[in-house]
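Close look at the chain arrangement
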Amino acid sequence: METYKVIVVGMGKRGTHHAAAFHANPRFKLAGICDIDRARLEAAAPKLGDPQISTDARALAAAVKPDIFCFCTLPNLRSDLIQVGIESGAKLIAFEKPVALTSAEGLKIKQMLDAARVKAVVSHQHRYGEHYKKVHEIIASGALGRLNTVYGTATGWMMHMMSHLIDYALWFNPAGKAEWVMAQASGRGKMTDIHPSPDYIAGFIHFSNGVRGIVDCGAGAPDVPEVPYWWRKCRIGAQGTDGFAEVMTGGGWRAVTKSGSFAGHGSMNYDLDMPPYIQEMADWLDNDKNPHACNFDSAYEGFQVMMALCRSVVEGGQIALPLTQGMDELAALKEKLSQRKVLFSMPENAKEYPG
Ligand SMILES: NC(=O)c1ccc[n+]([C@@H]2O[C@H](COP(=O)([O-])OP(=O)(O)OC[C@H]3O[C@@H](n4cnc5c(N)ncnc54)[C@H](O)[C@@H]3O)[C@@H](O)[C@H]2O)c1
(Lines give C-alpha, C1' and ligand atoms only; values in the text may rest on other atoms or scores of the structure.)
Protein backbone atom coordinates (compact mmCIF):
# COMPACT_ATOMS: atom_id res chain seq x y z
CA MET A 1 0.00 0.00 0.00
CA GLU A 2 1.29 3.44 -0.94
CA THR A 3 2.19 5.88 1.85
CA TYR A 4 1.04 9.43 1.09
CA LYS A 5 3.34 12.36 1.86
CA VAL A 6 1.56 15.23 3.62
CA ILE A 7 2.28 18.80 4.66
CA VAL A 8 0.04 20.79 7.01
CA VAL A 9 0.01 24.60 6.84
CA GLY A 10 -1.37 26.61 9.79
CA MET A 11 -0.52 24.86 13.04
CA GLY A 12 -3.18 26.43 15.26
CA LYS A 13 -6.03 24.47 16.82
CA ARG A 14 -7.24 22.68 13.70
CA GLY A 15 -3.86 22.30 12.02
CA THR A 16 -2.62 20.51 15.12
CA HIS A 17 -5.64 18.16 15.02
CA HIS A 18 -4.96 17.38 11.35
CA ALA A 19 -1.20 16.91 11.78
CA ALA A 20 -1.70 14.57 14.76
CA ALA A 21 -4.25 12.47 12.86
CA PHE A 22 -1.99 12.16 9.78
CA HIS A 23 0.98 11.29 12.00
CA ALA A 24 -1.03 8.57 13.79
CA ASN A 25 -2.11 6.84 10.56
CA PRO A 26 0.46 4.58 8.84
CA ARG A 27 -1.03 5.37 5.41
CA PHE A 28 0.51 8.87 5.67
CA LYS A 29 3.94 10.37 6.22
CA LEU A 30 3.74 13.81 7.80
CA ALA A 31 6.68 15.31 5.91
CA GLY A 32 6.33 18.99 6.78
CA ILE A 33 4.48 21.54 8.90
CA CYS A 34 4.24 25.29 8.38
CA ASP A 35 3.14 28.33 10.36
CA ILE A 36 4.11 31.99 10.30
CA ASP A 37 4.69 31.57 14.06
CA ARG A 38 8.03 29.70 14.35
CA ALA A 39 7.63 29.06 18.10
CA ARG A 40 4.44 27.13 17.36
CA LEU A 41 6.30 24.95 14.87
CA GLU A 42 9.20 24.25 17.17
CA ALA A 43 6.83 23.22 19.96
CA ALA A 44 4.76 20.96 17.70
CA ALA A 45 7.44 19.17 15.65
CA PRO A 46 8.86 16.79 18.29
CA LYS A 47 5.35 15.44 19.01
CA LEU A 48 4.80 14.79 15.30
CA GLY A 49 7.86 12.73 14.36
CA ASP A 50 10.01 15.81 13.68
CA PRO A 51 8.78 16.71 10.19
CA GLN A 52 10.47 19.49 8.20
CA ILE A 53 9.38 22.92 9.51
CA SER A 54 9.00 26.20 7.63
CA THR A 55 7.36 29.60 7.96
CA ASP A 56 6.86 29.74 4.17
CA ALA A 57 4.16 27.45 2.75
CA ARG A 58 5.24 27.85 -0.87
CA ALA A 59 8.91 27.03 -0.13
CA LEU A 60 7.94 24.01 1.99
CA ALA A 61 5.55 22.69 -0.67
CA ALA A 62 8.21 23.10 -3.37
CA ALA A 63 10.79 21.26 -1.25
CA VAL A 64 8.55 18.39 -0.08
CA LYS A 65 6.34 17.91 -3.18
CA PRO A 66 3.53 16.42 -1.07
CA ASP A 67 0.79 14.05 -2.22
CA ILE A 68 -1.57 15.90 0.14
CA PHE A 69 -1.40 19.65 0.72
CA CYS A 70 -3.45 20.40 3.85
CA PHE A 71 -4.07 23.90 5.18
CA CYS A 72 -5.96 24.99 8.29
CA THR A 73 -5.65 28.76 8.28
CA LEU A 74 -8.36 31.21 9.31
CA PRO A 75 -11.02 31.85 6.64
CA ASN A 76 -9.37 35.02 5.27
CA LEU A 77 -6.73 32.81 3.61
CA ARG A 78 -8.05 30.38 1.01
CA SER A 79 -7.44 30.85 -2.75
CA ASP A 80 -3.75 31.81 -2.30
CA LEU A 81 -3.08 28.54 -0.52
CA ILE A 82 -5.18 26.55 -3.02
CA GLN A 83 -2.80 27.99 -5.63
CA VAL A 84 0.25 26.89 -3.60
CA GLY A 85 -1.26 23.40 -3.29
CA ILE A 86 -1.92 23.16 -7.03
CA GLU A 87 1.60 24.39 -7.88
CA SER A 88 3.11 21.82 -5.51
CA GLY A 89 1.67 19.02 -7.68
CA ALA A 90 -0.35 17.58 -4.77
CA LYS A 91 -3.01 15.04 -5.75
CA LEU A 92 -5.35 16.16 -2.96
CA ILE A 93 -5.86 19.46 -1.16
CA ALA A 94 -7.52 19.30 2.26
CA PHE A 95 -8.73 22.49 3.91
CA GLU A 96 -10.99 23.86 6.58
CA LYS A 97 -14.51 25.15 6.37
CA PRO A 98 -15.85 27.63 5.37
CA VAL A 99 -14.89 27.10 1.70
CA ALA A 100 -14.41 30.89 1.41
CA LEU A 101 -15.78 34.17 2.76
CA THR A 102 -17.50 35.25 -0.48
CA SER A 103 -19.07 33.52 -3.48
CA ALA A 104 -16.52 35.36 -5.67
CA GLU A 105 -13.65 33.58 -3.92
CA GLY A 106 -15.55 30.27 -3.68
CA LEU A 107 -16.22 30.30 -7.43
CA LYS A 108 -12.56 31.12 -8.09
CA ILE A 109 -11.47 28.16 -5.93
CA LYS A 110 -13.88 25.85 -7.74
CA GLN A 111 -12.54 26.98 -11.13
CA MET A 112 -8.93 26.52 -9.96
CA LEU A 113 -9.57 23.00 -8.65
CA ASP A 114 -11.59 21.98 -11.72
CA ALA A 115 -8.91 23.28 -14.11
CA ALA A 116 -6.10 21.55 -12.21
CA ARG A 117 -8.15 18.34 -11.76
CA VAL A 118 -7.02 18.10 -8.15
CA LYS A 119 -9.12 16.27 -5.57
CA ALA A 120 -10.14 18.42 -2.61
CA VAL A 121 -11.75 17.84 0.77
CA VAL A 122 -13.36 20.32 3.20
CA SER A 123 -13.44 19.55 6.93
CA HIS A 124 -17.07 18.96 7.88
CA GLN A 125 -15.94 16.13 10.12
CA HIS A 126 -18.75 16.26 12.71
CA ARG A 127 -20.59 13.78 10.52
CA TYR A 128 -18.27 10.99 11.73
CA GLY A 129 -19.71 11.27 15.27
CA GLU A 130 -21.66 8.17 16.34
CA HIS A 131 -24.76 10.29 17.00
CA TYR A 132 -24.56 11.96 13.57
CA LYS A 133 -24.10 8.60 11.85
CA LYS A 134 -27.04 7.10 13.75
CA VAL A 135 -29.40 9.87 12.66
CA HIS A 136 -28.18 9.58 9.08
CA GLU A 137 -28.70 5.81 9.19
CA ILE A 138 -32.30 6.19 10.46
CA ILE A 139 -33.14 8.75 7.77
CA ALA A 140 -31.48 6.71 5.00
CA SER A 141 -33.33 3.55 6.13
CA GLY A 142 -36.65 5.20 5.16
CA ALA A 143 -38.00 4.88 8.73
CA LEU A 144 -39.24 8.49 8.62
CA GLY A 145 -41.45 7.79 5.59
CA ARG A 146 -41.53 10.53 2.95
CA LEU A 147 -39.19 13.34 4.05
CA ASN A 148 -40.73 16.79 4.14
CA THR A 149 -38.27 18.89 6.20
CA VAL A 150 -34.58 19.05 7.09
CA TYR A 151 -33.38 21.63 9.61
CA GLY A 152 -30.35 22.94 11.45
CA THR A 153 -29.97 25.44 14.29
CA ALA A 154 -26.86 26.77 16.08
CA THR A 155 -26.28 29.64 18.51
CA GLY A 156 -22.75 30.20 17.15
CA TRP A 157 -22.42 32.62 14.21
CA MET A 158 -22.64 31.93 10.50
CA MET A 159 -19.02 31.60 9.29
CA HIS A 160 -18.32 29.27 12.21
CA MET A 161 -21.46 27.17 12.25
CA MET A 162 -23.69 27.50 9.20
CA SER A 163 -21.25 25.69 6.94
CA HIS A 164 -21.69 22.65 9.21
CA LEU A 165 -25.48 22.97 9.55
CA ILE A 166 -26.07 23.12 5.81
CA ASP A 167 -23.58 20.37 5.00
CA TYR A 168 -25.35 17.91 7.30
CA ALA A 169 -28.86 19.00 6.26
CA LEU A 170 -27.89 18.32 2.64
CA TRP A 171 -26.44 14.94 3.71
CA PHE A 172 -29.81 14.08 5.29
CA ASN A 173 -31.61 14.83 2.00
CA PRO A 174 -29.37 13.39 -0.73
CA ALA A 175 -32.24 12.99 -3.20
CA GLY A 176 -32.89 16.74 -3.39
CA LYS A 177 -30.94 19.52 -5.08
CA ALA A 178 -31.18 22.97 -3.52
CA GLU A 179 -33.06 25.11 -6.07
CA TRP A 180 -33.63 28.42 -4.26
CA VAL A 181 -33.34 30.06 -0.88
CA MET A 182 -34.80 33.03 1.00
CA ALA A 183 -33.45 34.60 4.23
CA GLN A 184 -33.33 37.48 6.70
CA ALA A 185 -30.51 38.65 8.98
CA SER A 186 -29.92 40.96 11.90
CA GLY A 187 -27.06 42.48 13.93
CA ARG A 188 -23.70 43.88 12.80
CA GLY A 189 -21.55 42.99 15.83
CA LYS A 190 -19.84 39.96 14.23
CA MET A 191 -19.27 41.60 10.83
CA THR A 192 -15.76 42.57 11.99
CA ASP A 193 -15.00 39.15 13.51
CA ILE A 194 -12.32 36.91 11.96
CA HIS A 195 -15.33 34.73 11.01
CA PRO A 196 -17.33 37.71 9.68
CA SER A 197 -21.09 37.11 9.91
CA PRO A 198 -24.39 38.77 10.64
CA ASP A 199 -25.15 38.16 14.35
CA TYR A 200 -28.24 36.23 13.30
CA ILE A 201 -29.39 34.77 9.99
CA ALA A 202 -32.30 32.46 9.29
CA GLY A 203 -33.73 31.18 6.06
CA PHE A 204 -35.44 28.60 3.95
CA ILE A 205 -34.07 26.25 1.29
CA HIS A 206 -36.28 24.74 -1.37
CA PHE A 207 -35.12 21.32 -2.62
CA SER A 208 -36.01 19.75 -5.97
CA ASN A 209 -37.72 16.80 -4.21
CA GLY A 210 -40.13 19.13 -2.40
CA VAL A 211 -38.27 18.94 0.92
CA ARG A 212 -38.03 22.23 2.82
CA GLY A 213 -34.74 23.17 4.54
CA ILE A 214 -34.82 25.52 7.54
CA VAL A 215 -31.58 26.99 8.90
CA ASP A 216 -31.42 29.23 11.92
CA CYS A 217 -27.97 30.42 13.01
CA GLY A 218 -26.61 32.91 15.55
CA ALA A 219 -27.81 35.09 18.43
CA GLY A 220 -31.52 34.58 17.70
CA ALA A 221 -31.40 30.83 17.13
CA PRO A 222 -33.23 28.71 19.68
CA ASP A 223 -31.52 27.23 22.71
CA VAL A 224 -30.82 23.51 22.74
CA PRO A 225 -31.43 22.99 26.48
CA GLU A 226 -30.24 19.38 26.31
CA VAL A 227 -26.70 20.64 25.57
CA PRO A 228 -24.83 22.61 28.25
CA TYR A 229 -21.78 23.67 26.15
CA TRP A 230 -22.76 26.83 24.27
CA TRP A 231 -20.77 26.12 21.08
CA ARG A 232 -22.42 22.72 20.72
CA LYS A 233 -26.00 23.94 21.03
CA CYS A 234 -26.78 22.72 17.51
CA ARG A 235 -29.82 20.66 16.49
CA ILE A 236 -29.86 19.11 13.04
CA GLY A 237 -32.50 16.72 11.82
CA ALA A 238 -35.22 15.61 9.47
CA GLN A 239 -38.98 15.10 9.60
CA GLY A 240 -41.05 12.83 7.43
CA THR A 241 -44.55 11.40 7.23
CA ASP A 242 -43.67 8.72 9.81
CA GLY A 243 -41.53 10.57 12.33
CA PHE A 244 -38.39 12.56 12.96
CA ALA A 245 -34.72 12.03 13.80
CA GLU A 246 -32.30 14.66 15.09
CA VAL A 247 -28.76 15.01 16.37
CA MET A 248 -27.57 17.52 18.96
CA THR A 249 -23.87 18.26 18.44
CA GLY A 250 -23.12 18.08 22.16
CA GLY A 251 -26.07 16.00 23.35
CA GLY A 252 -26.73 12.71 21.58
CA TRP A 253 -29.61 11.93 19.26
CA ARG A 254 -33.30 11.05 19.31
CA ALA A 255 -35.86 9.68 16.90
CA VAL A 256 -39.56 8.88 16.86
CA THR A 257 -40.72 6.51 14.14
CA LYS A 258 -43.64 4.12 13.65
CA SER A 259 -41.63 1.55 15.65
CA GLY A 260 -41.37 3.73 18.76
CA SER A 261 -39.27 6.37 20.41
CA PHE A 262 -35.47 6.06 20.54
CA ALA A 263 -32.51 8.03 21.88
CA GLY A 264 -28.76 7.60 22.31
CA HIS A 265 -25.57 9.29 23.43
CA GLY A 266 -22.83 11.02 21.48
CA SER A 267 -20.99 14.32 21.54
CA MET A 268 -18.72 15.96 19.00
CA ASN A 269 -15.16 14.78 19.69
CA TYR A 270 -12.15 15.74 17.55
CA ASP A 271 -10.19 12.67 18.72
CA LEU A 272 -12.88 10.36 17.38
CA ASP A 273 -13.99 12.35 14.32
CA MET A 274 -10.56 13.12 12.80
CA PRO A 275 -9.21 9.55 12.20
CA PRO A 276 -11.98 8.44 9.80
CA TYR A 277 -11.96 11.84 8.10
CA ILE A 278 -8.20 11.48 7.48
CA GLN A 279 -8.42 7.77 6.50
CA GLU A 280 -10.92 8.54 3.72
CA MET A 281 -8.27 10.70 2.03
CA ALA A 282 -6.10 7.59 1.55
CA ASP A 283 -9.16 5.61 0.42
CA TRP A 284 -9.95 8.22 -2.25
CA LEU A 285 -6.34 8.50 -3.43
CA ASP A 286 -6.18 4.68 -3.61
CA ASN A 287 -9.33 4.45 -5.68
CA ASP A 288 -11.19 7.17 -7.62
CA LYS A 289 -14.39 5.19 -7.07
CA ASN A 290 -14.23 5.90 -3.30
CA PRO A 291 -14.79 9.66 -3.10
CA HIS A 292 -14.34 11.23 0.30
CA ALA A 293 -17.65 11.95 2.10
CA CYS A 294 -16.45 15.55 2.60
CA ASN A 295 -15.37 16.03 -1.03
CA PHE A 296 -15.19 19.58 -2.37
CA ASP A 297 -18.15 19.23 -4.75
CA SER A 298 -20.48 18.35 -1.92
CA ALA A 299 -19.06 21.08 0.35
CA TYR A 300 -19.42 23.58 -2.51
CA GLU A 301 -23.16 22.81 -2.78
CA GLY A 302 -23.56 23.79 0.87
CA PHE A 303 -21.31 26.83 0.49
CA GLN A 304 -23.46 28.13 -2.36
CA VAL A 305 -26.57 27.74 -0.22
CA MET A 306 -24.93 29.80 2.55
CA MET A 307 -23.85 32.57 0.19
CA ALA A 308 -27.27 32.58 -1.53
CA LEU A 309 -28.90 33.07 1.88
CA CYS A 310 -26.67 36.13 2.37
CA ARG A 311 -27.65 37.43 -1.07
CA SER A 312 -31.30 37.05 -0.22
CA VAL A 313 -30.73 39.29 2.81
CA VAL A 314 -29.00 41.86 0.60
CA GLU A 315 -31.29 41.76 -2.46
CA GLY A 316 -34.55 40.59 -0.86
CA GLY A 317 -36.71 37.72 -2.09
CA GLN A 318 -35.75 34.34 -3.46
CA ILE A 319 -32.29 33.54 -4.87
CA ALA A 320 -31.97 30.80 -7.49
CA LEU A 321 -29.24 28.17 -7.32
CA PRO A 322 -26.67 27.42 -8.56
CA LEU A 323 -25.06 30.86 -8.31
CA THR A 324 -23.60 31.76 -11.70
CA GLN A 325 -21.81 35.01 -10.78
CA GLY A 326 -19.46 35.65 -7.89
CA MET A 327 -20.15 38.50 -5.45
CA ASP A 328 -18.72 39.95 -2.22
CA GLU A 329 -21.72 39.19 -0.01
CA LEU A 330 -19.95 40.42 3.14
CA ALA A 331 -19.34 43.91 1.71
CA ALA A 332 -22.97 44.04 0.61
CA LEU A 333 -24.19 42.88 4.03
CA LYS A 334 -22.16 45.66 5.70
CA GLU A 335 -24.18 48.16 3.66
CA LYS A 336 -27.50 46.43 4.15
CA LEU A 337 -27.72 45.32 7.79
CA SER A 338 -29.67 47.66 10.05
CA GLN A 339 -27.93 49.39 12.99
CA ARG A 340 -30.48 47.84 15.37
CA LYS A 341 -28.93 45.54 17.93
CA VAL A 342 -29.69 41.86 17.52
CA LEU A 343 -32.39 40.35 19.76
CA PHE A 344 -31.40 37.23 21.68
CA SER A 345 -33.11 33.87 22.03
CA MET A 346 -31.70 33.55 25.57
CA PRO A 347 -29.78 35.86 27.96
CA GLU A 348 -26.70 33.58 27.81
CA ASN A 349 -26.07 34.76 24.23
CA ALA A 350 -25.20 38.28 25.44
CA LYS A 351 -21.74 37.05 26.45
CA GLU A 352 -20.85 35.98 22.89
CA TYR A 353 -22.66 38.88 21.17
CA PRO A 354 -21.64 42.00 23.14
CA GLY A 355 -21.53 44.28 20.09
N1 LIG B 1 -14.11 21.69 11.31
C2 LIG B 1 -14.21 22.12 12.55
O3 LIG B 1 -14.80 21.48 13.41
C4 LIG B 1 -13.55 23.42 12.92
C5 LIG B 1 -13.41 23.80 14.27
C6 LIG B 1 -12.77 25.01 14.55
C7 LIG B 1 -12.28 25.82 13.51
N8 LIG B 1 -12.46 25.41 12.21
C9 LIG B 1 -11.94 26.21 11.09
O10 LIG B 1 -10.53 25.97 11.00
C11 LIG B 1 -9.87 27.14 10.48
C12 LIG B 1 -8.71 27.45 11.40
O13 LIG B 1 -9.19 27.70 12.69
P14 LIG B 1 -8.28 27.53 13.98
O15 LIG B 1 -9.19 27.61 15.15
O16 LIG B 1 -7.40 26.34 13.85
O17 LIG B 1 -7.40 28.87 13.89
P18 LIG B 1 -6.04 29.20 14.66
O19 LIG B 1 -5.99 30.68 14.77
O20 LIG B 1 -5.92 28.38 15.91
O21 LIG B 1 -4.90 28.71 13.65
C22 LIG B 1 -4.60 29.33 12.44
C23 LIG B 1 -3.09 29.23 12.27
O24 LIG B 1 -2.75 29.65 10.94
C25 LIG B 1 -1.50 30.33 11.03
N26 LIG B 1 -1.30 31.12 9.81
C27 LIG B 1 -1.88 32.29 9.46
N28 LIG B 1 -1.42 32.71 8.26
C29 LIG B 1 -0.55 31.77 7.83
C30 LIG B 1 0.25 31.61 6.67
N31 LIG B 1 0.25 32.52 5.69
N32 LIG B 1 1.04 30.52 6.56
C33 LIG B 1 1.07 29.59 7.53
N34 LIG B 1 0.34 29.68 8.67
C35 LIG B 1 -0.46 30.76 8.81
C36 LIG B 1 -1.63 31.14 12.32
O37 LIG B 1 -0.35 31.57 12.81
C38 LIG B 1 -2.30 30.12 13.24
O39 LIG B 1 -1.34 29.32 13.94
C40 LIG B 1 -10.95 28.20 10.37
O41 LIG B 1 -11.37 28.30 9.03
C42 LIG B 1 -12.10 27.69 11.24
O43 LIG B 1 -13.37 28.09 10.78
C44 LIG B 1 -13.07 24.24 11.91
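Residues numbered from 1 in each chain as written. Predicted model: local features only at pLDDT ≥ 70, side-chain atom pairs only at ≥ 80, totals over all residues. Heavy atoms only, no water.

A closer look at the packing of aromatic side chains
Keep this limit in mind: The rule is short: rings of Phe, Tyr and Trp, with Trp giving its six-membered ring, pair when the centres are within 6.5 Å, and they are stacked under 30 degrees, edge-to-face over 60, tilted in between. Note on classification: 1.4 Å probe, protein chains only; a residue is buried when its accessible area is under 20% of the maximum for its type, exposed when over 50%, partly exposed between these limits. To qualify as a helix, a DSSP run of H or I must reach at least 4 residues; to qualify as a strand, a run of E must reach at least 2; elements of each kind are numbered from the N terminus. We call a charge positioned over a ring when the NZ of a Lys or the CZ of an Arg lies within 6 Å of the ring centre and within 35 degrees of the ring normal.
Scanning the entire structure with this criterion turns up 14 aromatic pairs. The interplanar angle of 50° and the centroid separation of 6.1 Å between the aromatic rings of phenylalanine 69 and phenylalanine 71 together place this pair among those described as tilted. You can call phenylalanine 69 buried: its relative accessible area is 0%. Residues tryptophan 157 and tyrosine 353 carry aromatic rings whose centres are separated by 5.6 Å and whose planes lie at 70° to one another, so their mutual orientation is edge-to-face. Of the two residues, tryptophan 157 sits in the loop between β7 (147-154) and α7 (158-172) while tyrosine 353 sits in the segment after α10 (329-336), which places them 196 residues apart along the sequence. The same class applies to tryptophan 157 as to tyrosine 353, namely buried. Ring pairing ties together the aromatic residues Phe69, Phe71, Phe95, Phe296, Tyr300 and Phe303, which thus form one cluster. The ring of tryptophan 171 has arginine 127 sitting right over it, with the charged end atom 4.7 Å from the ring centre.

Comments concerning the layout of surface pockets
Over the atoms, a rolling probe the size of a water molecule traces out where space has been left empty. Under the convention used in this document: Grid points spaced at 1 Å and placed over the protein atoms alone form the basis of the search, with a cavity being a set where a 1.4 Å probe fits but cannot get out and a pocket an open set showing protein on both sides within 12 Å along at least five of seven lines. Lining residues have an atom within 4 Å of a point. Grid points are joined across faces, edges and corners, and a volume is the space filled by probe spheres set on the points.
Each pocket or cavity is described by its volume, and for the largest pocket that value is around 980 Å³. Lys13, Arg14, Cys72, Leu74 and His195 are, among the 36 residues lining the largest pocket, the residues nearest its centre. Counting residues per element, the ones that place at least two in the lining of the largest pocket are α1 (13-24) and α7. For the lining of the largest pocket, the leading source of residues is α7, giving three residues.

Points about the sheet that holds strand β14 (residues 260-264)
This is how it is decided: Paired strands, as defined in this entry, are two strands with at least two bridges between them according to DSSP.
Spatially, nine strands are ordered β14-β13-β12-β11-β7-β10-β9-β8-β15 in an open sheet, and the strand pairing comes out mixed. Two strands in the sheet have a free side with no partner beyond their single neighbour: β14 and β15 (319-320). Summarising the sheet, strand β9 (residues 200-207) and strand β10 (residues 212-218) pair through seven bridges and their orientation is antiparallel. If you follow isoleucine 205 over to β10, its bridge partner there is glycine 213.

Side note on the pattern of salt bridges
Cut-off, in case you're wondering: Any carboxyl oxygen of Asp or Glu that lies within 4 Å of a side-chain nitrogen of Lys or Arg is treated as forming a salt bridge with it.
Tallied over the full model, the rule gives 21 salt bridges. Residue arginine 127 is joined to aspartate 167 by a salt bridge in which the shortest nitrogen-to-oxygen separation is 2.6 Å. Residue arginine 127 is found in the loop between β6 (119-123) and α6 (130-140), and its partner aspartate 167 is found in helix α7; the two are separated by 40 residues along the sequence. For arginine 127, a relative accessible area of 6% corresponds to the buried category. The network of salt bridges with common partners includes Glu226, Arg235, Glu246 and Arg254.

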